[in-house]
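Here is what each chain is made of, one letter per residue.
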Amino acid sequence: MKTIRDDHALAEDLATEAGERLLRLRARYGFDDPKALKDAGDRESHRFLTESLERLRPSDSVLSEEGDRLDPARLKASRVWIVDPLDGTREFGEAGRADWAVHVALWEDGRLAAGAVALPAQGRTLGTGKPPVLPRHEGTRFRIAVSRTRPPEFVQKLAYLVGADLVPIGSAGAKISAVLTGDVEAYVHAGGQYEWDSAAPAAVALAAGAHASRIDGTPLTYNQADPSLPDILVSLPDLAPTLLAGIRDLRRPV
């Protein structure tokens, strides 16, 4: 089915529109009942994205955090949209926090073909159509984005080993976007995730020329029967060898 918008533009448009809807929802609900706000955000953003893709890309499959994760049809599909309708639900439910996101990615024939990460409360969307220009890192120390609520001991040890500082940031999409915008130089996670947590930001990172892989250096793979994708490394390309070497040292049996 031919449309005016290509897949890059569609991903960016849908992520941006979903984000704008979430901002309006935030304004309407307020923050007196965070659970009700978060539940409504997950539900309404999922509905908007899935209904839009069903209308605009009716032949494609969809894997959403809020949808049917075990749908066997997607495993035979050549095109699968991988979406996280609200990445960083905790942050979305807290007044004043901007480190949450909307993810829309397209997996096609074994690779990430398009993607966009909307950061609605920051007023920007990063996409594969016009990938961001990677910042330059100067100096010896660098910064690694980590969870603001539960930074893993593994990453704390890695930071000490490679001479890095830890920067707490909310959602995975916000963390990876921070690498692309110069707020940090790397993101390392080894505590368990799913495909929708990283597909869109990884697509944008790779399109921009950043390093994105598993923490053992192997490629990220998507549209698997089990959608868990437990670890990830995203960094400026020049820092990847240092980080991978440090990770190998930490994981080496004693």
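Within each chain, residues carry numbers counting from 1 in the order of the written sequence. It should be noted that, the model being predicted, local features are given only for residues of pLDDT at least 70 and side-chain atom pairs only at 80 or more, the latter also being counted only at that level, while totals for whole chains, interfaces and linings use all residues. Side-chain calculation: all heavy atoms of the structure are included, whereas hydrogens and water are not.

A.B. asks: Explanation requested: the sheet that holds strand S3 (residues 101-108) in the structure shown.
C.D. replies: To summarise the sheet geometry, strands pair through backbone hydrogen bonds and adopt either a parallel or an antiparallel arrangement. An order of S1-S2-S3-S4-S5 is seen for the five strands of this open sheet, with the pairing classed as mixed. Both edges of this open sheet fall to strand S1 (61-64) and strand S5 (124-127), since each of them pairs with a single strand only. Sheet twist, expressed as the mean angle between neighbouring strand axes with direction ignored, is 15 degrees. Where strand S4 (residues 111-119) and S5 come together, four bridges link them in antiparallel fashion. Among the inter-strand pairings, Val117 is bridged to a residue of S5, identified as Leu126. Of the strands in this sheet, strand S2 (79-87), S3, S4 and S5 are in contact with helix H1 (residues 7-29), which crosses S4 at around 30 degrees. Two strands pair under a simple rule: DSSP has to find at least two bridges between them. The helix and strand labels rest on DSSP assignments: H or I over at least four residues marks a helix, E over at least two residues marks a strand, and numbering proceeds from the N terminus. Here, axes are lines fitted to C-alpha atoms. For helices the fit covers the stretch in contact, and angles between N-to-C directions go from 0 to 180 degrees. Contact criterion: two residues are considered in contact whenever any of their non-hydrogen atoms come within 4.5 Å of each other.

A.B. asks: Explain the pairing of strand S6 (residues 142-147) here, please?
C.D. replies: Two faces make up the sheet, and in a regular strand the side chains alternate between them. Accessibility here uses a 1.4 Å probe with only protein chains present; expressed as a share of the type maximum, an area under 20% marks a residue as buried, one over 50% as exposed, and anything in between as partly exposed. Of all six residues that make up S6, five are buried, and the element is covered over most of its length. One ladder, built from six bridges, connects S6 with strand S7 (residues 164-169); its direction is parallel. Its bridge partner lying in S7, Ile144 is registered against Leu166. As judged from the two bridges shared by S6 and strand S8 (residues 186-189), these two strands associate in the parallel manner. Each residue of the ladder has a partner; that of Ala145, found in S8, is Tyr187.

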